[in-house]
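Chain residues, written in single-letter form:
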Amino acid sequence: MSRIGKLPVVIPDNVKTEITDNTVKVEGPKGALEQTFDTAVKIEFADGKIQVSPVGESRRARAMYGTARAVIANMVHGVVEGFTKNLEIEGVGFRAAVKGDILDLSLGFSHPINFPIPEGVTVTVAENTKITVAGPDKQAVGAVAASIKSFYPAEPYKGKGVRVAGEFVR
């Protein structure tokens, strides 16, 4: 049995939760999220807590209920506090700027890279080299940060490129 899956997810007072079938909707001060889960798990809301349990004793049900509980906990955390990823750009002439809903990156190529910022995610640039990606959805924030990093990953010789703040490149 999953040690994480057994724990209930405590819902704060400022968060509204709605569970229909296996769809969980969570709404808080930072936004609203909705996720549909596998039918191998049963999701119940009682006494300000969400409890996830497996349906049956199949291997898939046991594997999915810990995952479902963790995703619900991340949804609640996201709408209350939000998630952020900090990126750093290193290199001579490398810089970034936000122009409306487009992130303009100059990474040493012969052309600028124009990255459209998806809805639900905010991108801010400080000092032309520090990018902050924020939003309530942990998966979306991580995907946007990974996409930005993939344009020019930090190379190990001079360290030029885009990296997660504090990352050590070998």
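Residues numbered from 1 in each chain as written. Predicted model: local features only at pLDDT ≥ 70, side-chain atom pairs only at ≥ 80, totals over all residues. Heavy atoms only, no water.

A. Structural detail: helix α3 (residues 138-150). If you check α3, its first and last C-alpha atoms are 18 Å apart, about what 13 residues at 1.5 Å a residue would give, namely 18 Å. Burial in α3 covers these residues: Val-141, Val-144, Ala-145 and Ile-148. One side of α3 holds all its buried residues, which, seen down the axis, span an arc of 95°. Exposed residues on α3 whose side chains face more than 90 degrees from its buried face are Gln-139 and Ser-150. Contacts made by the buried residues of α3 are with β7 (83-90), β9 (102-106), β10 (113-116), β11 (122-126), β12 (130-135) and β13 (161-164). (Helix = DSSP H or I, 4+ residues; strand = E, 2+ residues; numbered from the N terminus. Expected span 1.5 Å × (residues − 1). Buried < 20%, exposed > 50% of the residue type's maximum accessible area, 1.4 Å probe, protein only. Arc of directions from axis to C-beta. Contact = heavy atoms within 4.5 Å.)

B. Geometry of the confidence of the model for the protein chain. On average, residues of the protein chain score 91 in pLDDT, and 99% of them reach the 70 mark or higher. Here helix α1 (residues 3-6) is the element of the protein chain with the lowest mean pLDDT, 80, and β12 is the one with the highest, 95. (pLDDT = per-residue confidence, 0-100.)

C. Focus on the sheet that holds strand β8 (residues 95-99). Ordered in space as β8-β9-β10, the three strands form an open sheet in which the pairing is antiparallel. Of all strands in the sheet, those with a lone pairing partner are β8 and β10, marking the two edges. For this sheet, the mean inter-axis angle between neighbouring strands, taken without regard to orientation, is 25°. Relative to β9, β8 is paired through five bridges, and the arrangement is antiparallel. What sits directly across from Val-98, in β9, is Leu-103. (Pairing = 2+ DSSP bridges. Axes fitted to C-alpha atoms, helices over the stretch in contact; angles between N-to-C directions.)

D. Seen up close, unusual backbone geometry. Residue Asp-47 is not a glycine yet carries a positive backbone phi of 55°. Position of Asp-47 relative to the elements: it lies in the loop between β5 (41-46) and β6 (49-54). Residue Asn-128 is not a glycine yet carries a positive backbone phi of 65°. Along the polypeptide, Asn-128 turns up in the loop between β11 and β12. For Asn-128, a relative accessible area of 45% puts it in the partly exposed group.

E. Structural view of the side chain of Glu-155. Positionally, Glu-155 belongs in the loop between α3 and β13. Comment: no salt bridge for buried Glu-155; closest opposite-charge side chain is Lys-160, at 5.5 Å. Residues within four places of Glu-155 in sequence aside, it is in contact with Lys-160 and Val-169. (Lys, Arg positive; Asp, Glu negative; His and termini not counted. Salt bridge = Lys/Arg side-chain N within 4 Å of Asp/Glu carboxyl O.)

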